[in-house]
Amino acid sequence: MSKKDQSDKPSESKVNPLMEKIVSLAKRRGFIFQSSEIYGGINSIYDYGPLGVELKNNVKKEWWKAMVQMRNNVEGLDSGILMHPKIWEASGHLAGFTDPLVDCKKCKRRFRADHLLEAKGLKPDFRPASFSEEGIDCPECGGELTNVRDFNLMFKTFMGALEESSAEIYLRPETAQGIYVNFPNVLNSSRQKLPFGIAQIGKAFRNEITPGNFTFRMREFEQMEMQFFVNPKEADKWFEYWQEQRLNWYLDLGVNKDKLKFRKHASDELAHYAKAAMDVEYDFPFDQRELEGIHNRGEWDLSRHQKFSGKDLQYQDQENKEKFTPYIIETSGGVDRCTLMFLLNAYTEVDTRSGDEDAKHETEVVLKLDKRLAPIKVAILPLSKKLEKDAMPLYEEIRKSYMCQYDDAGSIGKRYRRQDEIGTPYCVTFDFDSVEDKKVTVRDRDTMAQERIAISELKDYLTEKFC
Ligand code: ATP
């Protein structure tokens, strides 16, 4: 919930060439669409198409595997999007989850006051008596700006039939609070002892004033968060531990090391709840920006929920008879932002002239996604439509284990290019010889090496490649 960041500056509206290519590929190949497009779209909401949903699911699957499945001391959770409104009072979101906002009196556009002030070399939290006196007018039309208002980013709705303040309820702006309030439930039902964590993936909603940069900043998005409950004496150790773990997760999935950075928050930048904070940042085409936050939240969350709920949320250590409020180390990342990062990281343009300098200059797009993230794992490509009777049973067999496409349209070169562009790691060509020798040719996306494999061994071959 750190709102004191270097989030969207006015410059974000400038279109970046690489971003343009990604947005176009995402739409053309069915990764990501503008929501409600036939009605003119709805700002900063996006829909994931057939390939996008696979990619995003794979990102979540890899996170869950690394954070829950492979650990003895992290449990999973799926809590409600709507929660008791008092939770947002306790968490500080009702009072403090705000952005400073100004309106243009003429064109009615809205801007983040802190960004306008920063652009003028002033402190972002400075509150001028009048923006005009500081020489700041509307960046769009030059009109006069209003004074600053604090704008709460939570979406509000009503529960039940009555539209009155007692029925007001909020769409969660983060998944973390669902974890904190379930701390005693998970502790008691899972028989865990400290230190242990609770992980959750789910939707969050923020009425961002300046959304932008495609799926980088949305109003409806998904988070993957893990809250690790520790003895306060061990908090520093675990804070270090989780930084390393998270960095390794990105590197293991093929993220370019040079583009990943850790940025420690300065003490005046820390959110009210944080004892220490570190952002994992990625060098996005528009700027170096936060992918994930790793925070030592101290005892803030549990002590606040203890106060507001009146329930004892302290931990009784049976071994050394200590009773204390656990500290929380959190890792908090965005699924959509991470998925966008993986698309950018994988996007590669390959010159197809292959050494022949006189040949027409052509570039092919290859999405060099890690195999685990690739939306389609295997493509079955019969050399001719006439081979359908023989090739189709192979497709039916392979799709039992992998997301698989059958494509018999166009030249084989074109079909390879179609698969390269969506990051399919293996293309299996079924040719006329295959009918006789019961072998197929497997082409590797990255090396373009081709191997002749017996159909009877194809499943084992793929298992080895994907394990
Ligand atoms: P930012 O600094 O970009 O505003 P934040 O510090 O407010 O993010 P957190 O509250 O720490 O973000 O949320 C954790 C993660 O959730 C972020 O690192 C980011 O990946 C993701 N996230 C937050 N807001 C959005 C959004 N509007 N759209 C997409 N992802 C988001």
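Please refer to the structure higher up on the page.
Conventions adopted
Residues numbered from 1 in each chain as written. Predicted model: local features only at pLDDT ≥ 70, side-chain atom pairs only at ≥ 80, totals over all residues. Heavy atoms only, no water. Helix = DSSP H or I, 4+ residues; strand = E, 2+ residues; numbered from the N terminus. Buried < 20%, exposed > 50% of the residue type's maximum accessible area, 1.4 Å probe, protein only. Contact = heavy atoms within 4.5 Å. Areas by Shrake-Rupley, 256 points an atom, 1.4 Å probe, with all protein chains shown as cover. Lys, Arg positive; Asp, Glu negative; His and termini not counted. Charge placed at Lys NZ, Arg CZ, Asp CG, Glu CD. Salt bridge = Lys/Arg side-chain N within 4 Å of Asp/Glu carboxyl O. Axes fitted to C-alpha atoms, helices over the stretch in contact; angles between N-to-C directions. Parallel < 35°, antiparallel > 145°, perpendicular 65-115°, else oblique. Nonpolar A, V, L, I, M, F, W, Y, C, P; charged D, E, K, R; others polar. Core = buried A, V, L, I, M, F, W, Y, C linked by side-chain atoms within 4.5 Å. Pairing = 2+ DSSP bridges.

**Q** Give me the lowdown on the overall build of the chain, citing residues and values where you can.
**A** The secondary structure content of the chain amounts to 14 helices and 23 strands. In terms of its C-alpha atoms, the chain occupies a principal-axis envelope of roughly 80 × 65 × 50 Å. Across the 467 residues of the chain, 52% fall into the buried class. Contacts in the chain between residues far apart in sequence, at least 24 positions, make up 65% of those at least 6 positions apart. Accessible surface for the chain amounts to roughly 22,500 Å². Of this, 48% is attributable to carbon and sulfur atoms. The positive charge centre, built from 71 side chains, and the negative charge centre, built from 78, are 2 Å apart in the chain.

**Q** Can you tell me about the pattern of salt bridges, naming the residues and giving the values?
**A** The tally for this structure, following the rule as stated, stands at 35 salt bridges. Note that Asp103 and Arg149 form a salt bridge whose closest N and O atoms lie 3.0 Å from each other. Of this pair, Asp103 sits in strand 4 (residues 98-103) while Arg149 sits in strand 6 (residues 149-152), placing them 46 residues apart in sequence. Lys400 is paired through a salt bridge with Glu397; the nearest N and O atoms lie 3.0 Å apart. Through salt bridges with shared partners, a single ionic network connects Lys56, Lys60, Glu222 and Asp336.

**Q** Can you explain the packing of helix 2 (residues 50-69) against helix 10 (residues 335-346)? Please cite residues and give values.
**A** With their axes 10 Å apart at the nearest point, helix 2 and helix 10 run at an angle of 110 degrees to one another. It follows that helix 2 is roughly perpendicular to helix 10 by the angle criterion. Of the residues in helix 10, those touching helix 2 at Leu55, Lys56, Val59 and Lys60 are Val335, Asp336, Cys338, Thr339, Phe342 and Leu343. Classifying every residue of the contact of helix 2 with helix 10 gives 6 nonpolar, 1 polar and 3 charged.

**Q** Break down the nonpolar core for me, citing the residues and quoting the values.
**A** Phe31, Trp242, Trp249, Tyr250, Phe284, Met341 and Phe342 are the most contacted members of the largest nonpolar core, which totals 60 residues. For Phe31, the contacting residues outside a window of four places in its chain are Leu25, Ala26, Asp47, Tyr48, Gly49, Leu51, Gly52, Leu55, Leu343, Leu367, Pro375 and Ile422. If you look at the next biggest cluster of nonpolar residues, it comprises 20 residues, including Leu394, Tyr402, Val440 and Ile453.

**Q** Can you explain the sheet that holds strand 4? Please cite residues and give values.
**A** Pairing within the open sheet is antiparallel, and its 3 strands lie in the order 5-4-6. Each edge of the sheet is formed by a strand with only one pairing partner; in this case those strands are strand 5 (110-112) and strand 6. Strand after strand, the sheet turns through a mean of 50 degrees between neighbouring axes, direction not considered. With 4 bridges joining them, strand 4 and strand 6 adopt antiparallel strand pairing. Directly across from Thr98, in strand 6, lies its bridge partner Asn152.

Nothing here speaks to function; it is geometry throughout.
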